[in-house]
Amino acid sequence: METLKFLDMPKVRFAIEIRTFTGTETGLNSHGCDDVDFTVATNPGEPRVSMAKIASGGELSRIMLAIKCAQAKKSGTGTIVFDEIDTGVSGGTSERIGIKLKELSQTAQVICVTHSPQISAQADTHLLIEKMEIEGRAESFVRELQPEERVSEIARMIGGIDITDKQISAAREMLKI
């Protein structure tokens, strides 16, 4: 709950409901013997409802991050991979996600695929994934960006095709260089 509050969900209520099959119900099957439901109330005054029914993409991203953070603290997870944990969020919330990922990286290796400059700027290492067509086939390549390349990439993420001096300046400010 602390993590969700930090991630701009100050009034969220979250619970995990577990119902064990008993009596005339089917009992043990290929999915186990429990029905587990994550329930959430994202707005004050609303009842908790199954997360699958009401949570937006941005809410799901933040709830997933909060669960992964709690799990990593308990289990000592070595590596955690996030693929677009920034879905449905931007601005200050993206920066808060980046800060939380940076905090998590103190106890586990964090690999994060993101399109958010706020999250990328928090990383210790910035890898760029590029696709190229070689002999009629698409191939992907990953390479570590050097400091000036990071500035250019963050500026591109901020602004798009035509990079301006202001975007480069903003990228430098985000990277604190």
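**Q** Please provide a residue-by-residue account of the sheet that holds strand β1 (residues 13-20), values included.
**A** Strand order in the open sheet made by the 3 strands is β1-β2-β3, with antiparallel pairing throughout. Among the strands making up the open sheet, the edge pair consists of β1 and β3 (49-50). Bridge count for strand β2 (residues 34-41) against β3 is 2 bridges, and the pairing is antiparallel. Paired with Thr 39 across the strands is Ser 50, a residue of β3.

**Q** A description of the packing of helix α6 (residues 147-159) against helix α7 (residues 165-175) should follow, citing residues and the corresponding values.
**A** Remark: α6 packs on α7, axes separated minimally by 8 Å, with the N-to-C direction vectors making an angle of 115 degrees. Considering the relative orientation of α6 and α7, their crossing is right-handed. Across the interface between the two elements, Glu 148, Arg 150, Val 151, Ile 154, Ala 155, Ile 158 and Gly 159 of α6 pack against Gln 167, Ile 168, Ala 170, Ala 171, Arg 172, Met 174 and Leu 175 of α7.

**Q** Go over the confidence of the model for the protein with me, naming the residues and quoting the values.
**A** With 95% of its residues at a pLDDT of 70 or more, the protein shows a mean pLDDT of 89. Across the protein, α7 holds the top mean pLDDT of 97, while helix α3 (residues 57-75) sits lowest at 86.

**Q** Describe the pattern of salt bridges, listing the residues and the values that go with them.
**A** Throughout the structure, instances matching the rule amount to 9 salt bridges. The partner of Glu 103 in a salt bridge is Lys 100, with the nearest N and O atoms 3.1 Å apart. In this pair, Glu 103 and Lys 100 are both assigned in helix α4 (residues 91-104), 3 residues apart and thus about one turn of the helix distant. Assessed through its relative accessible area of 8%, Lys 100 is described here as buried. For the salt bridge of Arg 172 with Glu 148, the shortest nitrogen-to-oxygen distance reads 2.9 Å. Pair noted here: Arg 172 is in helix α7 and Glu 148 is in helix α6, with a separation of 24 residues, a long-range link. Judged by relative accessible area, which is 46%, Glu 148 ranks as partly exposed. Linked by salt bridges that have partners in common, Glu 130, Arg 143 and Glu 149 make up one network.

Procedures and definitions
- Residues numbered from 1 in each chain as written.
- Predicted model: local features only at pLDDT ≥ 70, side-chain atom pairs only at ≥ 80, totals over all residues.
- Heavy atoms only, no water.
- Pairing = 2+ DSSP bridges.
- Helix = DSSP H or I, 4+ residues; strand = E, 2+ residues; numbered from the N terminus.
- Axes fitted to C-alpha atoms, helices over the stretch in contact; angles between N-to-C directions.
- Left-handed = near helix turned anticlockwise from the far one by under 90°.
- Contact = heavy atoms within 4.5 Å.
- pLDDT = per-residue confidence, 0-100.
- Salt bridge = Lys/Arg side-chain N within 4 Å of Asp/Glu carboxyl O.
- Buried < 20%, exposed > 50% of the residue type's maximum accessible area, 1.4 Å probe, protein only.

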